[in-house]
Structure formats: C-alpha cells, structure tokens
Amino acid sequence: MERIPVSGPWITQKEIDYVADAAANAWYSNANMYNERFENAFADYIGVRYAISLPSCTSAIHLSLLSLEVGPGDEVIVPDLTWIASSAPVSYVGATPVFADVDEKTWCLSADSFEELITPRTKAVIPVDLYGNLPDMDRIREIALRHKIAVIEDAAEAIGSEYKGKKAGSFGDTGVFSFHGSKTMTTGEGGMLVTNNEDIYRRSLFLRDHGRKPGDVMFFNTEVAYKYKMSSMQAALGLAQLERINELVERKRDIFNWYRCELGKFDGITLNNESPDTKNTYWMVTVVFDPKFGLNKEQLMKLLAENYIDSRPFFHPLSSIPAYENTQEAKKAQQRNRISYKISPYGLNLPSGLNVTEEKVKYICNTLKDIVLSV
Ligand SMILES: *Cc1c(COP(=O)(O)O)cnc(C)c1O
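Note that this is a predicted model, so its numbers are computed, not measured. (Residues numbered from 1 in each chain as written. Predicted model: local features only at pLDDT ≥ 70, side-chain atom pairs only at ≥ 80, totals over all residues. Heavy atoms only, no water.)

Chemist: I'd love a proper account of the sheet that holds strand 13 (residues 312-313), names of residues and values included.
Modeler: Read across the sheet, four strands follow the order 10-12-14-13 without closing on themselves; strand pairing throughout is antiparallel. Lying at the two open borders of the sheet, with one neighbouring strand each, are strand 10 (269-271) and strand 13. Note: strand 13 against strand 14 (residues 347-349), two bridges, orientation antiparallel. Paired with Pro313 across the strands is Leu348, a residue of strand 14. Packing of helix 9 (residues 245-263) onto the sheet brings it into contact with strand 10 and strand 12 (286-289), and relative to strand 10 it is tilted by some 160°. (Pairing = 2+ DSSP bridges. Helix = DSSP H or I, 4+ residues; strand = E, 2+ residues; numbered from the N terminus. Contact = heavy atoms within 4.5 Å. Axes fitted to C-alpha atoms, helices over the stretch in contact; angles between N-to-C directions.)

Written out as structure tokens, the structure is:
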C-alpha cells in the first residue's frame, strides 16, 4: 500500500503551460511580466493595494519587520503555537520574540494574553492564522491600535480564509503568505507581502533589491540591504494557482468535511474550529485528543505510520523547542502559557494534501478510531 502523505499541491496543465511560457518568454522586456500579473491579481484577491512577490514567507516577515523599523531592544509578540518562521525573523533584526498564549477554541493568538504581555518596548505583534483559522482580529487590532503596536498578520496557512467577510492577510500593517509546496497554493518555494501602506510598500521594494532606489539604472546602492526576489517561473506557477484558488479552497473545505463526517461526533476528539464570523480554509485538518485515551501525539503518529498514514505533530510551543527553551522569554512562557502546553502534546495534523480522496479519508478515520479504542 502507498503511504498517504500529509500535504501536497494540486497541479494541472494550466500551471505547466504558464511555467513553460515563462521559461520561454519572460526575458528581456518581458522579464517582469509574470511577477506583475501575479502581484496585481493577488492584491485584488486579498483586497489590498500592494503585493510584493518574494522567495518565501520568512523573507516577507523579515521585510515587514525591517520596513516597520523593528530592531534591537524592541519586543515582538508572537503566539507560542506556530511554525518557527513566524518568530525567527524577529531575531534576524535583533529584536526579542515574546511568546503569548493561544485561545483554546481558535488555537490562534489569545487577545488577553497579547494585552497582558505589552510593555513600553513592544513594537509589533504577529498574529498567526493557524491551520487556516483566524484569531479575534477585532480585539487584537483594537489593542494594537490603542498601544501603537504594528500588526504583521502571518496568513501563511490561510489563503482564502475570511473574518467578517474580509480576506485573511488584510488585517495588519502587512500580511504575509507562503507558497511552499505544502501550502494550499504553491510556487514550489515562495511568498508574498501585502500592504495598504505606500511607505511600507516602497521601503520593502528598496530593501529586497540590495538597497537600490526605484528606477536605479546605474547600480548605485544607497544602503546595504537584501536580495529577496521571486523568479518569473515561480510567479507563473503562482498566477496559474491563483486563477484556480476558489477550486483549491473548496477542495480543502471538502476534505475537512469528509473528516468531520467521520470524526465530528466522536467523543474525545476535537477538530479545527470555525466560528460564525470566520471562513476557515483548513490548511491542515487537525485533531486534538482527550488525554483520557492515554496516547500522546508521538505515540499516535507512530501507530498511524504503521498503517501507512503520515501525520505531523501539532506545533510544539516555540518556548519548548531547543532553539528557544533556555532563553529568558521562553522560560517565562513555559510557566505562563497554559493553553499552548495543554493542547500541543495531544494534537496531530492528518493527511490533507489536495490529492487525498474521500475513500482514503474514511480509511484514515477508521484506523484512527480503531487505534484510540484499542489502547
Ligand atoms: C509555512 C509557514 C511560514 C513560512 O513560510 P516559508 O515560505 O517556508 O518561509 C510562516 N509562518 C507559518 C505560520 C507557516 O505555516
């Protein structure tokens, strides 16, 4: 039996045609053609003024922090449960990540925890749209505004998700996306920074091109900066995926519904939440188990793997992983972030690649139920 992968894209002839066209034609005066089309279509889709295509979401967070002038001595609040890419760029700019707790229902940044951790040094907050869900954006934005804290919305996992009818990624001073091969839409590797702020837009364009002024044809750099660009072949792939985004998002929601039919009423298993205010695009179908089953995520992953089912652990609290665990901030978070430490050990991402079938989802759910009922 073939292994069932956790994630993966849905590529059609359209994507192949666009990439081939870029490889053949996106040179000379057309060198930027696909990047421009992709950026314009992306800004339209999210409902923002500006979009900049980048090599990764990590670089989009880095540029966001630089453009917002976050630097040494500043603190940036990030949720404890997320991928390290949300917090690593905080260290790149010499600032300190402060790990906030998550909300028990949404699994995203808790507005209360965010507010409690604000100090005079807090310069920015990075709410993360975890697994396609969104936090209480109204409260987070209100708190940030009141304390003059910049918001970088990490929507890497949430393309197409909505909060009160507005698209994920449109709620911060900047919004950032990832097109890594595991994400809902892909360019292989890639990312996007979106913003409505012209100053941030201009500054990010400057910083991602080795500190060249717009229109500089004399290669006369005015600052030491960075080189963060997406190739036209990647942009062509992204444009083709974006033109199919409704189909991709609907498939993600279908996949979740297949799981919900099988597991939604199973006692002791909690699936991703979707509040009435929110449209969740379920990047990863995720289950959190009642500890009463006597299994943690590592044991469960192993048992699933024996049945040819790949899975991933729910993100570990950042404050618990070796990269951070001995820092002062992590030690405080370990004592404080009750919900993060309660959920994470019992959470698992199940196969939600765009190639998974309803039949396979049934097999996965039956296997899972057999495992938890037999221990
Ligand atoms: C995938 C991901 C990123 C990083 O994306 P890259 O394109 O790999 O840099 C950032 N934040 C979150 C929440 C992610 O899931």
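Now that the structure is up, let's keep going.
Chemist: So what's going on with a nonpolar patch on the surface? Which residues, and what values?
Modeler: A cluster of nonpolar residues, Val217, Met218 and Phe220, forms a patch on the protein surface that exposes about 410 Å² of accessible area. Mapped onto the fold, Phe220 is located in the loop between helix 7 (198-207) and helix 8 (232-243). The class for Phe220 is exposed, based on a relative accessible area of 65%. (Patch = residues over 30% accessible without salt bridge, like charges linked within 9 Å, V, L, I, M, F, W, Y side chains within 5 Å. Areas by Shrake-Rupley, 256 points an atom, 1.4 Å probe, with all protein chains shown as cover. Salt bridge = Lys/Arg side-chain N within 4 Å of Asp/Glu carboxyl O. Buried < 20%, exposed > 50% of the residue type's maximum accessible area, 1.4 Å probe, protein only.)

Chemist: I'd like a rundown of the site of the ligand, residues and numbers included.
Modeler: Taken together, 14 residues lie around the ligand, and Thr58, Asp154, Glu157, Ser178 and Lys183 are the ones closest in. Asp154 is positioned with one of its side-chain polar atoms (N or O) 2.8 Å from a nitrogen atom of the ligand. Contacts to the ligand include Glu157, whose side-chain N or O atom sits 2.4 Å from an oxygen atom. When the ligand sits alone it has 380 Å² of accessible area, and the protein chains cover 92% of it. Residues belonging to the shell around the ligand are distributed by class as follows: five nonpolar, six polar and three charged. (Near = heavy atom within 4 Å. Polar contact = N/O pair within 3.5 Å; in protein donor to acceptor, adjacent residues only side chain to side chain. Nonpolar A, V, L, I, M, F, W, Y, C, P; charged D, E, K, R; others polar.)

Nothing here speaks to function; it is geometry throughout.
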